[in-house]
Amino acid sequence: MPDLRILVADDEAGIRDAAKRWLGQDGYQVHLASDGEEALALARASDFDLVLLDVRMPKLDGFSVLEQIRAAQLIPTVIMMSAFGDDEAVLDAIRRGAYDFLPKPFKRADLQLMLRKAIERERLVRENNSLREALRSEVVFENMIARSESMHGVFRTIRKVAEFKSSVLISGESGTGKELVARALHFHSPRRDQPFVPVNCGAIPENLLESELFGHAKGAFTDASRAKAGLFEEASHGTLFLDEISSLPLALQVKLLRVLQEGEVRRVGDNRATPIDVRVVAASIDDLSELVEANTFRQDLFYRLNVIAIHLPPLRQRREDVPLLAEHFVKLLNERLGTRVKGLRPDAMQALIDYHWPGNVRQLQNVIERAIVLAESAFIETHDLPREVHDCKATGQGHPLPLIDDGNLSIKLAKEALERELIHRALTKTGGNRTQAAKLLELSHRALLYKISAYDLGNVK
């Protein structure tokens, strides 16, 4: 490491001069300090890779300098030096954060050997940090954590399309992280410094939705005492995220389509149109193509929104991500709750991996929070998990479904179990012919394909 910067702090001029001469001959950049205060000031002002500190120095002793270097979170490797060293002094130096202890007087060979060991340690630290950062970049993307190839495909798509204004339609079950994808698209785009405005179309009463989206003029209706800009105008030059777009009434679908086509919005009760520059990202847990076939969602609006499609796979289809997410939530929730849970026991982690997660990542986070609150030891045990997580049985495909018994009264879970079983039977009966299976199930072919993917039944024949 020829660029290594070394600080030598000693009140003996002979030691300083010898160290500078020897280290300079070996190609290192050497800086000198004659007392503790000067050493600390230099350490704070410059980035050093290694510091040689004499224990006894005027103004500030070496141990005090070491402690303040550590307190200030400066990162150099520190080697203490002293002519009065004994075993207790060596242990004390290491306890306080020094890498090693070099007795004085020392020969050039002693210094070179100590430096070689310290440099090797520094190299390993740097490599580990680089590896950790590389690993982090592989599994973390804009608060989304994944190791699975399916999610990495999502990350790659986000990076590719973020810079364009094209509309994006995000599909996926509840709890898969659709808003996180929308935010990632925004913050990786040229619009990152402009507003990101999320709106849940299903959470706003139908009679208020038009006014919320498009705004209204003064006097447009009884309570309109003043003009109000809508969410489209608030998101000007930024991104508008329309979650649960499938719940938008047909009348508003027509108006939304007009806004997307013409690039302008007209407030309720106003005759003038206002030009807008907004990127629209929409999301739905429903299959919009199915809704188009059922005539509850406009086909032209679907095509306008579905310029770029991003599908988020359910957690049961990317089980390799479960341990990573669970460990992340343990750390996150420890900080939020002030707890000190260290992790999960292996059998508890296996229960998480085996569970089918109908509520996806959001449900996993809630389960971890419950377990942390209930945990009576430093590790989450299986009995700390909800019953439906650890008390389940495997289906023929090896994917656990909840026991449908007197203890399980969830209609949603029972419906999913029954639906999956019926699709499995239909595919088995038709030898994997999906067109015939769709007829038996009285589903559209597209809807069946969606459900096959959702229930991970692609290999059933």
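Every value quoted in this text rests on a predicted model; they were computed, and no experiment measured them. (Residues numbered from 1 in each chain as written. Predicted model: local features only at pLDDT ≥ 70, side-chain atom pairs only at ≥ 80, totals over all residues. Heavy atoms only, no water.)

## Section: the nonpolar core
It is characteristic of soluble globular proteins that their nonpolar side chains tend to be buried jointly. The biggest cluster of nonpolar side chains holds 31 residues, and the ones touching the most others in it are Leu-213, Phe-232, Leu-240, Leu-242 and Ile-245. For this core, the secondary-structure elements that each account for two or more residues are strand 9 (196–200), helix 8 (206–214), helix 9 (231–234), strand 12 (239–243), helix 10 (250–262), strand 15 (279–284), helix 11 (288–293) and helix 12 (299–305). Other than its neighbours up to four places away in sequence, Leu-240 contacts Val-197, Val-199, Leu-231, Phe-232, Ala-235, Val-278, Arg-279, Val-280 and Val-281. Grouped together as the second largest cluster of nonpolar side chains are 27 residues, Leu-324, Val-330, Ala-351 and Val-367 included. (Core = buried A, V, L, I, M, F, W, Y, C linked by side-chain atoms within 4.5 Å. Buried < 20%, exposed > 50% of the residue type's maximum accessible area, 1.4 Å probe, protein only. Helix = DSSP H or I, 4+ residues; strand = E, 2+ residues; numbered from the N terminus. Contact = heavy atoms within 4.5 Å.)

## Description of the packing of aromatic side chains
All told, the structure shown has five aromatic pairs when counted by the stated rule. Each ring, one from Trp-22 and one from Phe-106, has its centre 6.4 Å from the other, and the planes form 65°; the classification is edge-to-face. Taken as a pair, Trp-22 in helix 1 (residues 13–25) and Phe-106 in the loop between strand 5 (100–103) and helix 5 (108–139) lie far apart in primary sequence, 84 residues in all. Relative accessible area serves as the criterion here: at 17%, Trp-22 is assigned to the buried category. Taking 5.8 Å as the distance between ring centres and 15° as the angle between the ring planes, the aromatic pair formed by Phe-214 and Phe-232 counts as stacked. In this pair, Phe-214 is assigned in helix 8 and Phe-232 in helix 9, connecting sequence segments 18 residues apart. By relative accessible area, Phe-232 is classed as buried at 1%. (Phe/Tyr/Trp six-rings, centres within 6.5 Å; stacked < 30°, edge-to-face > 60°.)

## Describing unusual backbone geometry
In this model, Lys-104 is joined to Pro-105 through a cis peptide bond whose omega is -5°. Relative to the helices and strands, Pro-105 is located in the loop between strand 5 and helix 5. Even without a glycine there, the phi angle at Glu-244 is positive, about 55°. By the secondary structure assignment, Glu-244 is in the loop between strand 12 and helix 10. At Asn-360, a position not held by glycine, the phi torsion is positive, near 60°. As for its placement among the helices and strands, Asn-360 is situated in helix 15 (residues 360–374).

## With respect to the confidence of the model for the protein chain
The predicted coordinates should not be examined in detail at positions where pLDDT is low. Summing up the model confidence of the protein chain, the mean pLDDT is 84 and the portion of residues at 70 or higher is 90%. Below pLDDT 50 for its whole length, residues 393–406 participates in 32 contacts with residues either more than four positions away or in separate chains. (pLDDT = per-residue confidence, 0-100.)

## Some remarks on the environment of Thr-296
By secondary structure assignment, the location of Thr-296 is in the loop between helix 11 and helix 12. Classification of Thr-296 as partly exposed rests on a relative accessible area of 40%. A C-alpha to C-alpha distance of 8.4 Å links Thr-296 and Pro-249, two positions 47 residues apart in sequence. The contacts of Thr-296, once residues within four sequence positions are left out, are Leu-250, Gln-253 and Leu-291.

## As for a nonpolar patch on the surface
Residues Leu-337, Val-373 and Leu-374 make up a contiguous nonpolar surface patch of roughly 250 Å² in combined accessible area. As for its placement among the helices and strands, Val-373 is situated in helix 15. (Patch = residues over 30% accessible without salt bridge, like charges linked within 9 Å, V, L, I, M, F, W, Y side chains within 5 Å. Areas by Shrake-Rupley, 256 points an atom, 1.4 Å probe, with all protein chains shown as cover. Salt bridge = Lys/Arg side-chain N within 4 Å of Asp/Glu carboxyl O.)

## A short note on the sheet that holds strand 5
Taken in spatial order, the five strands line up as 2-1-3-4-5 in an open sheet, and their pairing is parallel. Looking at the sheet topology across the chains shown, the edges are occupied by strand 2 (29–33) and strand 5. Taking each pair of neighbouring strands and ignoring which way they run, the sheet shows an average axis angle of 20°. Taken together, the four bridges between strand 4 (residues 77–82) and strand 5 define a ladder with parallel strand orientation. In the sheet register, Met-81 faces strand 5, and the bridge partner there is Leu-102. (Pairing = 2+ DSSP bridges. Axes fitted to C-alpha atoms, helices over the stretch in contact; angles between N-to-C directions.)

## Re empty space enclosed by the protein
Empty space left among the atoms is revealed by rolling a probe the size of a water molecule over them. Per the counting criterion, the structure on display carries two cavities of 30 Å³ or more. Of the voids in this model, the second largest cavity is the one considered here, and its volume is about 30 Å³. Residue lining of the second largest cavity: Leu-4, Asp-49, Leu-50, Thr-77, Ala-118, Ile-119 and Glu-122, and that is the complete set. The element best represented in the lining of the second largest cavity is helix 5, accounting for three residues. In the lining of the second largest cavity, the residues fall into four nonpolar, one polar and two charged. (1 Å grid on protein atoms, 1.4 Å probe; cavity = no way out; pocket = protein on both sides within 12 Å on 5 of 7 lines; lining within 4 Å. Points joined across faces, edges and corners; volume = space filled by probe spheres on them. Nonpolar A, V, L, I, M, F, W, Y, C, P; charged D, E, K, R; others polar.)

## A short note on the sheet that holds strand 12
Read from one edge to the other, the open sheet built from five strands follows the order 9-12-15-8-16, with strand pairing classed as parallel. Edge positions in the sheet fall to strand 9 and strand 16 (308–311), since each of these pairs with one other strand and no more. Recorded for the sheet is a direction-independent mean angle of 20° between the axes of neighbouring strands. When strand 8 (residues 168–171) meets strand 15, the two strands line up parallel, connected through four bridges. Of the residues in strand 15, the one forming a bridge with Ser-171 is Ser-284. Relative to the sheet, helix 6 (residues 149–161) contacts strand 15 and strand 16, its axis offset from that of strand 16 by approximately 155°.

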